[in-house]
Amino acid sequence: MKSVCLIVPVVAVAALTTLAAAQTPQMGGPMKHVMVSFDSMSNSLMAMVDPMVPTPVMQNYGDTYTGNASVLNGTMYNAQYGWMVEGFWAPPSGSFLWIEQLSATPGLLAYSGGTMMNQGTFAPIFGTAGSSSRIQWNGGMLHNWYAATTPGDYIATYRVYFGDASGVATPGYMEGGAMLNWTAVPAPGAAAVLGLGGLLVMRRRRA
Ligand SMILES: [Cu+2]
């Protein structure tokens, strides 16, 4: 066994960049659902974060995304958290489900998502880029995109509640609460590769 190092010319790097542009953002791991249930006896909403899936990791895969997904370019991101309705119930007449972000670690960015079949609009939400701190939720599985540009631990807290069309809470109902957390880790070497005029490739050959 011996290792061979070779420098691939800049042309090849350009080709790789083009290839990466065709990629779509990835969830980053298994789905971690926030199950939202309603107890009609106490008129209470409850939110329960799946404890079985470990803390999601926001990563930069070194890819370049096009269109609306380009908001994730250059960030560490993750979409494992998914809001889901548990059981069969509906908001009271004239009310809607709302998810409001109550607090978040500075630097946490959020963009509107969907399912993996429909990745969503990537519109800024939860205060990102001056957006509203709350979103109306239709109750379908919702995996929003979270991103950061600084490595570290991130936490965000939410309330889920019934409200009118403008988000004013419906009297007589208790809200649910959830805390989400992530760790943002830099991809080793991703930035270094971009800084080189060529790409260093390691190949292994059998002697
Ligand atoms: Cu899901």
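Structural data are supplied above this passage.
Because the structure is a prediction, the values reported are computed rather than measured. (Residues numbered from 1 in each chain as written. Predicted model: local features only at pLDDT ≥ 70, side-chain atom pairs only at ≥ 80, totals over all residues. Heavy atoms only, no water.)

Before going further, it helps to spend a moment on the pairing of strand β12 (residues 176-185). With burial as the criterion, only one face of β12 is covered, namely that bearing Gly176, Ala178, Leu180, Trp182 and Ala184; the residues Gly177, Met179, Asn181, Thr183 and Val185 on the opposite face remain uncovered. Sheet topology note: the strand β4 (residues 57-59)/β12 ladder contains three bridges and is parallel. Paired with glutamine 59 across the bridge in β12 is valine 185. By the bridge criterion, nine bridges tie strand β11 (residues 152-163) to β12 in an arrangement that is antiparallel. Looking across to β12, one finds that alanine 156 is bridged to leucine 180. (Buried < 20%, exposed > 50% of the residue type's maximum accessible area, 1.4 Å probe, protein only. Helix = DSSP H or I, 4+ residues; strand = E, 2+ residues; numbered from the N terminus. Pairing = 2+ DSSP bridges.)

This next bit is on the side chain of asparagine 144. Tracing the sequence through the fold places asparagine 144 in strand β10 (residues 143-148). Here asparagine 144 falls in the buried class, since its relative accessible area comes to 2%.

Spatially, the three strands line up as an open sheet ordered β3-β2-β6, and their pairing is mixed. If you trace the sheet from one side to the other, it starts and ends with β3 (44-49) and β6 (81-85), each paired once. Neighbour-to-neighbour, the strand axes of the sheet open up by a mean angle of 20°, direction not taken into account. Bridge analysis of strand β2 (residues 32-39) against β6 gives five bridges, and the strand direction is parallel. Each residue of the ladder has a partner; that of valine 34, found in β6, is tryptophan 83. (Axes fitted to C-alpha atoms, helices over the stretch in contact; angles between N-to-C directions.)

Let us look at the coordination of the copper ion. Coordination sphere of the copper ion, protein contribution only: Met31 (SD), His33 (NE2), Met141 (SD) and His143 (NE2), at 2.0 to 2.4 Å. Geometry at the copper ion is tetrahedral, judged from its four donor atoms and the angles of 96 to 120° they form at the metal. Sequence positions of the residues that donate to the copper ion give the spacing M-x1-H-x107-M-x1-H. Here the residue methionine 31 occupies a position in the loop between α1 (10-21) and β2, and methionine 141 occupies one in the loop between β9 (134-137) and β10, the gap between them amounting to 110 residues. Residue methionine 31 is classed as partly exposed on the basis of its relative accessible area, which comes to 32%. On the basis of relative accessible area, methionine 141 is assigned to the partly exposed category, the value being 27%. (Donors = N, O, S within 2.8 Å, 3.2 Å for Na, K, Ca; no water. Tetrahedral: all angles 85-135°; square planar, octahedral: opposite > 155°, others 65-115°.)

So, about the packing of aromatic side chains. Think of a pair of aromatic rings as described by two things: how far the centres are apart, and how the planes are tilted against each other in angle. Under the criterion given, the structure shown has 14 aromatic pairs. On the basis of an interplanar angle of 20° and a centroid distance of 5.3 Å, the ring pair of phenylalanine 122 and tryptophan 145 is categorised as stacked. Taken together, the positions of phenylalanine 122 in the loop between β8 (109-114) and β9 and tryptophan 145 in strand β10 put the pair 23 residues apart, joining distant regions of the chain. A ring pair is formed by tyrosine 146 and tryptophan 182, whose centres lie 4.4 Å apart and whose planes are at 40°; its orientation type is tilted. Of this pair, tyrosine 146 sits in strand β10 while tryptophan 182 sits in strand β12, and the two are 36 residues apart along the sequence. Pairwise contacts between aromatic rings join Tyr61, Tyr65, Tyr77, Phe122 and Trp145 into one cluster. Taking the ring centre of tryptophan 98 as reference, the NZ or CZ of arginine 134 above it sits at 5.8 Å. Sitting over the ring of tyrosine 161, arginine 159 keeps its end group 3.9 Å from the ring centre. (Phe/Tyr/Trp six-rings, centres within 6.5 Å; stacked < 30°, edge-to-face > 60°. Lys NZ or Arg CZ within 6 Å of the ring centre and 35° of its normal.)

Right, let's talk about the pattern of salt bridges for a bit. All told, the structure shown has two salt bridges when counted by the stated rule. Among the ionic pairs, glutamate 100 bridges to arginine 159, the shortest N-O distance being 2.8 Å. Taken together, the residues glutamate 100 in strand β7 (residues 96-104) and arginine 159 in strand β11 connect sequence positions 59 residues apart. Here arginine 159 and glutamate 175 are joined by a salt bridge, their closest N and O atoms 2.8 Å apart. Of this pair, arginine 159 sits in strand β11 while glutamate 175 sits in the loop between β11 and β12; the two residues are 16 residues apart in sequence, bridging distant segments of the chain. Note on glutamate 175: relative accessible area 42%, which makes it partly exposed. Through salt bridges with shared partners, a single ionic network connects Glu100, Arg159 and Glu175. (Salt bridge = Lys/Arg side-chain N within 4 Å of Asp/Glu carboxyl O.)

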